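Examination of the molecular architecture
Residues per chain, in single letters:
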Amino acid sequence: MIDAHLIPQVAARFKALGDEGRLSLLSALQRGEKSVGELADETGRSQPNVSQHLASLLHAGLVEARRDGTRAFYRIADPTVLRICDAVCDSLAASPRDPKPPIEARRRRRAGGER
């Protein structure tokens, strides 16, 4: 059960986890510490986009940074976040597939791009 006094912090963490870009960064960081440039290369995102998402993850306490000269290296600060993601992934893998296609596929169909 969620303690009432922790609700704002829990909400902030879930909000930070509620973005595909931030989840892709956490996925990359589960393999170890990386710089912004390395994360941009690995995720296919621009460095400004990666920096913005890292700031959100840092603010939520999910990652931490280490400076080395002019470069910053990021790592997962709270390994519990990986257990949360694993639990959600396990739940999705165990549940029957949703018959609705992802929203992007539905949009393409409506636009006539996919049948």
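It should be noted that the structure appears before, not after, this text.
If you're wondering where the values come from, they're calculated on a predicted model, not measured in any experiment. (Residues numbered from 1 in each chain as written. Predicted model: local features only at pLDDT ≥ 70, side-chain atom pairs only at ≥ 80, totals over all residues. Heavy atoms only, no water.)

Attention now goes to the state of the cysteines. The bond known as a disulfide is covalent and runs between the sulfur atoms of two cysteines. In the structure shown here, the tally under the stated rule is zero disulfides. Among the cysteines around Cys 85, which has no disulfide bond, Cys 89 carries the closest sulfur, lying 6.5 Å off. Using a relative accessible area of 22% as the deciding quantity, one classes Cys 85 as partly exposed. (Disulfide = S-S within 2.5 Å. Buried < 20%, exposed > 50% of the residue type's maximum accessible area, 1.4 Å probe, protein only.)

We now examine the pattern of salt bridges. As enumerated under the stated definition, the model contains six salt bridges in all. A salt bridge links Arg 66 to Glu 33, with the nearest nitrogen and oxygen atoms 2.6 Å apart. Highlighted residues: Arg 66 in strand β2 (residues 63-68) and Glu 33 in the loop between α2 (20-29) and β1 (34-35), separated in sequence by 33 residues. The class for Arg 66 is partly exposed, based on a relative accessible area of 33%. Classification of Glu 33 as partly exposed rests on a relative accessible area of 33%. Bridged by salt links that share partners, the residues Glu 33, Glu 64, Arg 66 and Arg 75 form one connected network. (Salt bridge = Lys/Arg side-chain N within 4 Å of Asp/Glu carboxyl O. Helix = DSSP H or I, 4+ residues; strand = E, 2+ residues; numbered from the N terminus.)

Everything listed is a geometric property; what it means functionally is a separate question.
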